[in-house]
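Notes for the structure review
Okay, here's what each chain looks like letter by letter:
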Amino acid sequence: MDLEYLHASNTNVSNFVSVRLSGDNNYQLWKTQMLCLMGTHDMCGLVDAAFDDLRASSPKIKKQYDNLLKGWIFGSISEGVLGTIVNLAKDGSAKDVWDELMKSFDDSTMCSQQDSAQTKPEAEVVTEDNDISTVTEKEEKDADSAKTESPGEHVISIDRKLKEVINERNKALVKAIKEDSWSDLKCTLEKHEGAVKDEINSNKDTILHLVVASIYASDNFIKSLLDFIKDDEVKEVLEKQNVDGSTALHIAAIVGNTSVAKLLVGKAKTRCILRILDNEGKDPMYIASSNMHYNTFMYLYDEAAKESTSQDPHHIKKGVQVLLANEISAKHYGTASKLIKKFPKFAVENDEALMAIARNFPREPKKREWGGFIRE
């Protein structure tokens, strides 16, 4: 049995991939976490030729790795998404599955779900318009009088136009994000008052959620957006939670963007956003730890420490233990040593760190890698 494969097969995927892929609204977050997991085990080459090919001891082991990765992918997506690739479960490779998901979600706009959701109602509205029009014409003919617009037609027309305006607005917002064009985004936000607070997709994300999650938007872009938000809107926007219960700070913690986390915390007038829990009861600090973002975790911890009421000992302890075990598993021994020095008590209160050491300790350890770490 290949020891490296054995180690990979014992990985707790949920420690790395906390986002369950449900569509184009969270594809980039899911992809980032999956690549982090694959990178930990040098498996990125299985799906992307830009990375070094997997160093497997035999074709059989490589096939096992491929099936393992395919299982990770299938286990981290929603039932709705699974239905679109289930035909690849038996004969398709991990790359086939990866490419199909990329084809389905990577290049689509974040408003595509709204487009499809609105198609049917609009068709029904048109039919209703036609029915009303037919009745009106018949009544006009019978009464031999001029046609006038009924109240029902007027309401339907306004409703349709409102949907069209909102849809076009959201498309413009997403386009500006992808092009990293603050001027275009600002123009759209100024044109549509209150848009900065609105939910703009089926995932209940605001524009801030999408900007923080975007791989296109720069830190300056995000800073400009935060500066644009009015003082009386700041609290509502920063504390707004999407369908998963995530705030923009949760998103920054998921992707490990410490500089953006600093911008968000700095914009908040209090540190309440540090304590907001998502639907799984996790605060941003814990999210950062479970996604192996040491710098983001330490920043959020230091900020919470400035206000004693912001600290939840249970979340801190659990976050440290999860992060420590993950860092050891990823062979990031320097980071693991820093955690042990910073939180010596939390590090030894359960067996997760010891189990990680046992799984990863080589038969012939290199002194420069393990010597200092073991002494901790």
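What you see is a predicted model, and the numbers here were worked out from it, not measured in a lab.

1. As for the overall build of the protein
When helices and strands are tallied, the protein shows 20 helices and zero strands. Counting every position in the protein, which comprises 376 residues, the buried fraction comes to 47%. A sequence separation of at least 24 residues applies to 69% of the contacts in the protein between residues at least 6 apart. With the model as given, the accessible surface of the protein reaches about 19,400 Å², and the carbon-plus-sulfur share is 51%.

2. Here we look at the UniProt feature "repeat: ANK" (unreviewed entry) in the protein
Under the present numbering, the feature "repeat: ANK" (unreviewed entry) in UniProt falls on residues 244-265. Regarding residues 244-265, the helix share stands at 73% and the strand share at 0%, and the terminal C-alpha atoms are separated by 20 Å.

3. Quick notes on the packing of helix 10 (residues 219-228) against helix 13 (residues 258-267)
Where helix 10 meets helix 13, the axes come as close as 10 Å, and the angle between the chain directions of the two elements is 10°. Classified by the interaxial angle, the pair formed by helix 10 and helix 13 is roughly parallel. Facing Asp-219, Ile-222, Lys-223, Leu-226 and Asp-227 of helix 10, the residues of helix 13 in contact are Ser-259, Val-260, Leu-263, Leu-264 and Lys-267. By residue class, the composition of the contact of helix 10 with helix 13 is five nonpolar, one polar and four charged.

4. A short note on unusual backbone geometry
Of note, Asp-42 is a non-glycine position whose phi angle comes to about 55°, a positive value. Topologically, Asp-42 is positioned in the loop between helix 2 (27-40) and helix 3 (59-75). Classification of Asp-42 by relative accessible area gives partly exposed; the value is 47%. One non-glycine residue with positive phi stands out, namely Asp-180, at about 50°. Looking at the element boundaries, Asp-180 is found in the loop between helix 7 (151-178) and helix 8 (182-191).

5. Digging into the environment of Leu-210
Counting through the fold element by element, Leu-210 comes out in helix 9 (residues 207-213). Each C-alpha atom, one on Leu-210 and one on Ile-251, is 9.0 Å from the other, the two residues being 41 residues apart in sequence.

6. A look at the environment of Ala-195
Following the sequence through the fold, Ala-195 ends up in the loop between helix 8 and helix 9. As a C-alpha pair, Ala-195 and Ile-207 span 12 residues in sequence and 8.0 Å in three-dimensional space.

7. What to know about the side chain of Arg-169
Note that Arg-169 resides in helix 7. A polar side-chain atom of Arg-169 sits 2.9 Å from a polar atom in the side chain of Asp-198. Apart from residues no more than four positions distant in its own chain, Arg-169 is found in contact with Thr-188, His-192, Ala-195, Asp-198 and Ile-200.

8. Side note on helix 12 (residues 248-255)
The buried count for helix 12 comes to seven of eight residues, which makes it a mostly enclosed element. Within the sequence span of helix 12, burial applies to Ala-248, Leu-249, His-250, Ile-251, Ala-252, Ala-253 and Ile-254. Buried residues along helix 12 sit against helix 2, helix 9, helix 13, helix 14 (284-290) and helix 15 (294-305). Two residues or fewer past helix 12, Gly-256 is found with a positive phi of approximately 75°.

Analysis parameters
Residues numbered from 1 in each chain as written. Predicted model: local features only at pLDDT ≥ 70, side-chain atom pairs only at ≥ 80, totals over all residues. Heavy atoms only, no water. Helix = DSSP H or I, 4+ residues; strand = E, 2+ residues; numbered from the N terminus. Buried < 20%, exposed > 50% of the residue type's maximum accessible area, 1.4 Å probe, protein only. Contact = heavy atoms within 4.5 Å. Areas by Shrake-Rupley, 256 points an atom, 1.4 Å probe, with all protein chains shown as cover. UniProt positions renumbered as here; feature names shortened; annotations may be inferred. Axes fitted to C-alpha atoms, helices over the stretch in contact; angles between N-to-C directions. Parallel < 35°, antiparallel > 145°, perpendicular 65-115°, else oblique. Nonpolar A, V, L, I, M, F, W, Y, C, P; charged D, E, K, R; others polar. Polar contact = N/O pair within 3.5 Å; in protein donor to acceptor, adjacent residues only side chain to side chain.

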